[in-house]
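Geometric and topological summary
Spelled out from the first residue to the last, the chains are:
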Amino acid sequence: MKKLKIAIAVGTLLAIVLTSSFSSFAAVCDAIREDTLRFHVLANSDSEADQALKLKVRDAVLKVTAADFEKANTKQEAEKAADAQLDKIRAAAEKTIRSEGYDYSVKVYRTRMYFATTRYPRAAGGSYTLPAGQYDAVRIEIGAAAGHNWFCVLFPQLCLPAAQSDATADALYTDEEKQVLESGYEVRFALVEWLSKGEKKDAEPEPTPTPTPTATPKAQLMEQAQNSKKR
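All values derive from a computational prediction rather than experimental measurement. (Residues numbered from 1 in each chain as written. Predicted model: local features only at pLDDT ≥ 70, side-chain atom pairs only at ≥ 80, totals over all residues. Heavy atoms only, no water.)

Any two packed helices are characterised by the angle at which their axes cross and by the distance between the axes. Running from N to C, helix α2 (residues 48-70) and helix α3 (residues 75-99) point in directions that differ by 140°, and their axes come no closer than 9 Å. In terms of their interaxial angle, α2 and α3 are classed as oblique. Judged by the twist between their axes, the crossing of α2 over α3 is right-handed. Seen from α2, the contacting residues are L53, K56, V57, A60, V61, V64, T65, D68 and F69; seen from α3, they are A78, A81, A82, Q85, K88, I89, A92, A93, T96 and I97. Here the contact of α2 with α3 is composed, by residue class, of 13 nonpolar, three polar and three charged. (Axes fitted to C-alpha atoms, helices over the stretch in contact; angles between N-to-C directions. Helix = DSSP H or I, 4+ residues; strand = E, 2+ residues; numbered from the N terminus. Parallel < 35°, antiparallel > 145°, perpendicular 65-115°, else oblique. Left-handed = near helix turned anticlockwise from the far one by under 90°. Contact = heavy atoms within 4.5 Å. Nonpolar A, V, L, I, M, F, W, Y, C, P; charged D, E, K, R; others polar.)

This part takes up α2. For α2, spanning 23 residues, the distance from its first C-alpha to its last is 32 Å, which sits close to the expected 33 Å at 1.5 Å a residue. Taken as a whole, α2 carries its principal kink of about 40° at V64. Next to the buried residues of α2 lie β1 (37-42), α3, β5 (133-142) and β6 (149-155). (Expected span 1.5 Å × (residues − 1). Bend = angle between axes of the 7 residues up to and from the residue.)

Given below as structure tokens:
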């Protein structure tokens, strides 16, 4: 009986310690999500051409927005910068798409959506692990938006080359947040992801890849029209 009481007492104490530890971890994860602005690009389809186009749009947008996001010292400032640049982002995306010979539509907006646990490499070694959950994000939808996505972090600027992103994240995340970010993927992150899956139904859904016909470049359409006239 005495041993049973001791076991119950030890088990209760352990449960309290573990619950307290995870609660603190989860609270820091919440803070990371609130201090982070994500970037999400959806391709028209999963064709090789559309996936390559998605990356060209990504590069063009990051190039024209880098300087503006670099000025932001808080997530709130980054959100204001994003809202002010939505037209610029759309114009950069459309210009890239047209220059590649496509006429896909482009949607650009700021939203709140679910992201799974994600790792980003550090130049100094190791990685940052962002916890799963709902994040504010700038989202670009190309055409039917039925292809695989690409995503990163606009604030702090983890989309930059690793050495620059290290310095940016180190300066803008708190010490507690950096401790969690640098802790690596472990059971606590898996538990946070499992608990946050209930939120996913309220978020913008991740795309389910479906075969989507690739739009015909304008140059090819003109060539087809000319050939038709010759017949």
